[in-house]
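Structural characterization, general
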Amino acid sequence: LGTEYEGDLYLVGGYVRDELLGIEPGNDADLVTTHDAPKLAELLNARGLTDHAPVTYPRFGTAMVAINGMDIEFVTARRETYNPDSRKPNVEPATLKEDAARRDFTVNALLRNLHDGRLTDPTGLGLADLNAKLLRTPLDARRTFRDDPLRMLRAVRFRWQLDFEAAPGLYDAISQGAERLKVISAERIKDELLRMLARPTAADALADLMQTGLVAQFAPELVAMRGVEQGNYHHLDVWEHTLAAVRNLPPGDILLTLATLLHDVGKPPTRMIDAKGQTRFFSHEAVGAKMAA
């Protein structure tokens, strides 16, 4: 109170989205202001209101703190420009509307004023898309995904996490830009993939990753399963059989899901037809174990 931040501090992102959807918000939140966000985090720390000293990122105008055990990211409203070989933006201060435009999806750009509770929709599309259960980017999807290719994985995750439909053209934009995922670190790809695999809709998300060409960017061994007929008593190819197996798992067991996803990864390189015309996969379990490792 009594500072430049009064009336200019907004909840944004998943916390607001989940609240409006009737989903219990997580233990983290994003706060945006048109003023200096790292300076606010330092001010709160100086007043003894944070659990630890802020971790600040001056280049991006952000700061991470915990308050009463809740992780909070303070962000200065910004516009962004990107270099072709990186997802790390060059940033400069901007309005709340400009900040909303650079976010990943319209439903993640809604604002809740922390002081008076007022809800605002800077893109003009977020509330309508939330009610329609539609996943849409604030700008042209090709630009949004080109700027930060990780958003392509997030699109698949949010579609199934929220039970939304992809807006027209969204998946086409992913397919067209899938190769851009190669500028994203393996660690960030892993994090998104594991979030998808932890949910009951893991098989649906995997099918989308394959359809859009995303999985080819980080796991071509899975792509090799497509179209590999198993013959004999198997009516599905190796990939569709794997999806069916994943679909029948109890949700939430990441290790079991990964094991099921990779249990036949050794079949494509070992497939052969024997003298009797039978399809065989000799030692596929040993080959697959090495590939999985």
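Up top is the structure.
Let us look at the structure shown here. Computed from a prediction, not measured in an experiment: that's the story for all the values here. (Residues numbered from 1 in each chain as written. Predicted model: local features only at pLDDT ≥ 70, side-chain atom pairs only at ≥ 80, totals over all residues. Heavy atoms only, no water.)

Here's the deal with the overall build of the protein
Defined as follows: Labels follow the DSSP assignment, with helices taken as runs of H or I lasting at least four residues and strands as runs of E lasting at least two, numbered in each case from the N terminus. For every residue, the accessible area (1.4 Å probe, protein chains only) is compared with the maximum for its type, and the residue is labelled buried under 20%, exposed over 50%, or partly exposed between those bounds. Any two residues having at least one pair of non-hydrogen atoms within 4.5 Å are treated as being in contact. Accessibility throughout is a Shrake-Rupley quantity obtained with a 1.4 Å probe, and a residue counts as covered only by protein chains that appear here. A positive count includes Lys and Arg, and a negative count includes Asp and Glu. His and the chain ends are not counted in either. A charge is said to be at NZ when it belongs to Lys, at CZ for Arg, at CG for Asp and at CD for Glu.
The helix and strand tally for the protein stands at 15 helices and 13 strands. Here the protein holds 293 residues, and 44% of them are scored as buried. Across the protein, contacts joining residues at least 24 apart in sequence account for 58% of those joining residues at least 6 apart. Surface summary for the protein: the accessible area is close to 14,800 Å², and the carbon and sulfur share equals 52%. Measuring between centres, the 35 positive side-chain charges of the protein sit 4 Å from its 42 negative side-chain charges.

Digging into helix α9 (residues 202–212)
In terms of burial, α9 is a largely internal element, eight of the 11 residues being buried. Three or more residues of α9 are buried, namely Ala202, Ala203, Ala205, Leu206, Asp208, Leu209, Met210 and Thr212. Looking one or two residues beyond α9, the residue adopting positive phi is Gly213, at roughly 85 degrees.

Things to note about the sheet that holds strand β2 (residues 28–33)
Within a sheet, neighbouring strands are paired by backbone hydrogen bonds and run either parallel or antiparallel to one another. Worth spelling out the cut-off: Pairs of strands are assigned from DSSP output, requiring at least two bridges between the strands. Simply put, an axis is a line fit to the C-alpha atoms, just over the touching stretch for a helix, and the angle between two N-to-C directions goes from 0 to 180 degrees.
Strands sit in the order β3-β4-β5-β2-β1-β8-β9 across an open sheet of seven strands; the sheet is mixed. A strand with exactly one partner marks an edge of an open sheet, and here the two such strands are β3 (55–57) and β9 (119–120). Both strand β1 (residues 10–12) and strand β8 (residues 111–113) contribute to a ladder of three bridges, which runs antiparallel. Of the residues in β8, the one forming a bridge with Tyr10 is Asn113. Helix α1 (residues 14–21) contacts β1, β2, β5 (70–76), β8 and β9 of the sheet and is inclined by roughly 80 degrees relative to β1.

Quick look at the side chain of Asn113
To be explicit about the condition: The definition of a polar contact used here is a pair of N or O atoms within 3.5 Å, where within protein one atom must be able to donate a hydrogen and the other to accept one, and adjacent residues in sequence count solely through side-chain atom pairs.
Structurally, Asn113 is set in strand β8. There is a polar contact of 3.0 Å between the side chain of Asn113 and the backbone nitrogen of Asp116. Not counting chain neighbours up to four residues away, the residues in contact with Asn113 comprise Gly7, Leu9, Tyr10 and Arg118.

Overview of the packing of aromatic side chains
Going by this rule: We call Phe, Tyr and Trp rings a pair once their centres come within 6.5 Å, taking the six-membered ring for Trp, and we label the pair stacked below 30 degrees between planes, edge-to-face above 60, and tilted otherwise. The rule is short: NZ of Lys or CZ of Arg within 6 Å of the ring centre and within 35 degrees of the ring normal puts a charge over the ring.
Per the stated rule, a full pass over the model turns up one aromatic pair. Where Phe105 meets Phe158, the ring centres are 5.9 Å apart and the plane angle is 85 degrees; that geometry is what we call edge-to-face. Here the residue Phe105 occupies a position in the loop between α3 (96–101) and β8, and Phe158 occupies one in helix α6 (residues 150–162), the gap between them amounting to 53 residues. Pair check on accessibility: Phe105 and Phe158 agree, each one buried. Over the aromatic face of Phe158 sits the side chain of Arg157, whose NZ or CZ is 4.6 Å from the ring centroid. Directly above the aromatic system of Phe281 lies the positively charged group of Lys267, at a separation of 5.0 Å from the ring centroid.

Re the nonpolar core
We apply this condition: Residues belong to one nonpolar core when they are buried, are Ala, Val, Leu, Ile, Met, Phe, Trp, Tyr or Cys, and are joined through side-chain atoms within 4.5 Å.
One finds Phe74, Phe145, Leu206, Leu209 and Leu214 to be the most contacted residues of the largest nonpolar core, which totals 60 residues. Excluding residues within four positions of it along the chain, Leu214 makes contact with Met152, Leu153, Val156, Ile174, Ala178, Leu181 and Leu209. Val12, Val32, Ala77 and Leu111 belong to the second largest nonpolar core, which has six residues in total.

Quick notes on a nonpolar patch on the surface
Cut-off, in case you're wondering: Exposure above 30% relative accessible area and the absence of a salt bridge qualify a residue for a patch, where like charges join within 9 Å and nonpolar side chains (Val, Leu, Ile, Met, Phe, Trp, Tyr) within 5 Å. Salt bridge criterion: a side-chain nitrogen from Lys or Arg within 4 Å of a carboxyl oxygen from Asp or Glu.
A grouping of Val55, Tyr57 and Met64 is seen on the molecular surface, where their side chains present a nonpolar patch of about 240 Å² in accessible area. Residue position: Val55 is located in strand β3.

Quick look at unusual backbone geometry
In this structure, Asp163 is a non-glycine residue whose phi angle is positive, near 60 degrees. One can find Asp163 in the loop between α6 and β11 (165–166). A relative accessible area of 53% places Asp163 in the exposed class.

Points about the pairing of strand β4 (residues 62–67)
Two strands pair when backbone bridges link them, and β3 and β4 are joined in this way by three bridges, in the antiparallel orientation. Counterpart to Val55 in the pairing with β4 is Met64. Inspection of the sheet shows β4 paired to β5 by six bridges, in the antiparallel sense. When the sheet's bridge partners are listed, Val65 is paired in β5 with Ile72.

Taken by themselves, the reported measurements are silent on function.
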